[in-house]
Amino acid sequence: MSAFIYTEDPTKRYHSWNYALRQEFGGKIFKVPVDGGFDCPNRDGTVAHGGCTFCSVSGSGDMIVAPEEPLPVQFQKEIDMMHQKWPHVDQYIVYFQNFTNTHAPIKVIKERFEQVINLPGVVGLSVGTRPDCLPDDVVEYLAELNQRLYLWVELGLQTTFEQTSRQINRAHDYATYVEGVAKLRAHGIRVCTHLINGLPGETPEMMLENVRRTILDSDIQGIKLHLLHLMRNTRMLRDYHEGRLQLMTREEYVQVICDQLEMIPSEIIIHRLTGDAPWDSLVGPMWSLKKWEVLNAIDQEMIRRDSYQGKFDVRKKVSC
């Protein structure tokens with residue numbers, strides 16, 4: 001993967017997902033979220049109960065159009081909606097988004113994935129999962145898929161701090177994450193790591209440390225930086241009401257994101273810098289509903305700083 005030079009795209013000073021896909025496929029690509037019907041090991045009792053404390057009942061799949069429909073129908077309904085805005089796009093990456101999409105016997109995983117990867121226009125697959133749900137037979141199947149199409153495995157890490165991880169009920173440690181990335185990279189599988197800014201008790205310095213550790217300890221090709229969304233009917237509401245959680249302001253979030261971008265090597269693709277949440281179940285921060293204003297504020301702050309992704313690349317600091 002070649003390094004990104006921000007002057008190649010005057011609209012962004014970071015290696016955006018949109019830019020990367022245009023470089024890979026020569027045009028716009030739809031990433032199509034679907035609900036594969038999987039559960040999580042920290043929900044069903046495999047390693048814990050209750051799920052992550054920030055997670056809603058849909059497991060980060062709140063925005064999926066028709067989660068109860070068969071997978072090919074979900075796919076078609078999603079692209080029909082997207083085509084209303086971009087009618088000429090004809091290439092798609094199917095995103096198994098919510099819950100843990102490798103938490104099942106390999107036979108079940110294959111049956112569900114194979115339903116969509118041969119649909120017309122599908123050129124890639126993105127699989128959201130946890131680092132503790134990568135048994136050898138699953139990794140071998142992912143390695144096979146990696147030879148057949150454009151594949152990403154998206155690993156939920158959220159934090160590198162064990163105390164935070166216990167508080168939010170992740171039910172796996174940081175070492176498991178590092179080992180999980182290594183297993184995937186042994187087969188050349190692209191890995192995108194998810195981190196959340198604004199978790200209970202984490203300071204801006206800790207949020208930067210999350211990025212530093214992730215970059216230095218694991219060979220990743222992409223990263224998703226999320227804002228913590230506090231949702232109704234989640235266990236994290238208790239942290240909020242009992243004073244253990246302070247929601248970030250937009251200004252605080254923009255500063256942290258820009259600091260993080262400056263640390264991240266330029267070749268690493270930024271899959272996301274904020275997230276989506278349904279307005280009717282969001283407790284806060286309410287400013288996050290204006291997603292494009294947040295992204296524009298990040299762009300403006302990078303310009304104000306005269307900065308860009310990788311300006312203070314943590315890998316170069318270590319090598320020096």
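Residues numbered from 1 in each chain as written. Predicted model: local features only at pLDDT ≥ 70, side-chain atom pairs only at ≥ 80, totals over all residues. Heavy atoms only, no water.

Enquirer: What's the story with the side chain of His 271 in this structure? I'm lost.
Expert: The residue His 271 is located in strand E8 (residues 269-272) in this model. Sequence-distant contacts of His 271, that is, excluding residues within four places in its chain, are made with Trp 17, Trp 152, Cys 192, Gly 222, Ile 223 and Lys 224. (Helix = DSSP H or I, 4+ residues; strand = E, 2+ residues; numbered from the N terminus. Contact = heavy atoms within 4.5 Å.)

Enquirer: Honestly, helix H3 (residues 106-117) in this entry has me stumped. Any pointers?
Expert: Within an α-helix, residues lying three or four positions from one another point in the same direction, as the helix has 3.6 residues per turn. With 12 residues, H3 ought to run about 16 Å at 1.5 Å a step, and its terminal C-alpha atoms sit 16 Å apart, in line with that. Burial in H3 covers these residues: Ile 109, Phe 113, Val 116 and Ile 117. Along the axis of H3, the buried residues cluster in a sector spanning 95 degrees; they form a single face. The elements touched by buried residues of H3 are helix H2 (71-83), strand E2 (92-96), strand E3 (122-129) and helix H4 (136-148). (Expected span 1.5 Å × (residues − 1). Buried < 20%, exposed > 50% of the residue type's maximum accessible area, 1.4 Å probe, protein only. Arc of directions from axis to C-beta.)

Enquirer: Any chance you could explain the pattern of salt bridges here in plain terms?
Expert: Pairing is possible between side chains of opposite charge, provided their charged atoms come close. Under the counting rule described, the total for this entry stands at 23 salt bridges. Lys 183 is the partner of Asp 136 in a salt bridge, and the nearest nitrogen-oxygen pair spans 3.1 Å. Here Asp 136 is found in helix H4, whereas its partner Lys 183 is found in helix H6 (residues 174-185), with 47 residues between them in sequence. Of the residues examined, Asp 136 reaches a relative accessible area of 52% and is grouped as exposed. For Lys 183, a relative accessible area of 31% corresponds to the partly exposed category. When the shortest N-O distance is used, the salt bridge between Arg 272 and Asp 276 registers 3.7 Å. Beyond isolated ion pairs, a larger network of salt bridges with shared partners links Asp 259, Glu 262, Glu 301, Arg 304 and Arg 305. (Salt bridge = Lys/Arg side-chain N within 4 Å of Asp/Glu carboxyl O.)

Enquirer: Mind showing me how you'd approach unusual backbone geometry here?
Expert: The bulk of non-glycine residues show a negative phi, and the bulk of peptide bonds are trans. Of the consecutive residues Gly 284 and Pro 285, the connecting peptide bond is found in the cis state with omega at -5 degrees. In the Ramachandran plot, Asn 169 falls in the positive-phi region, its phi being about 65 degrees despite a non-glycine side chain. Along the chain, Asn 169 turns up in the loop between helix H5 (162-167) and H6.

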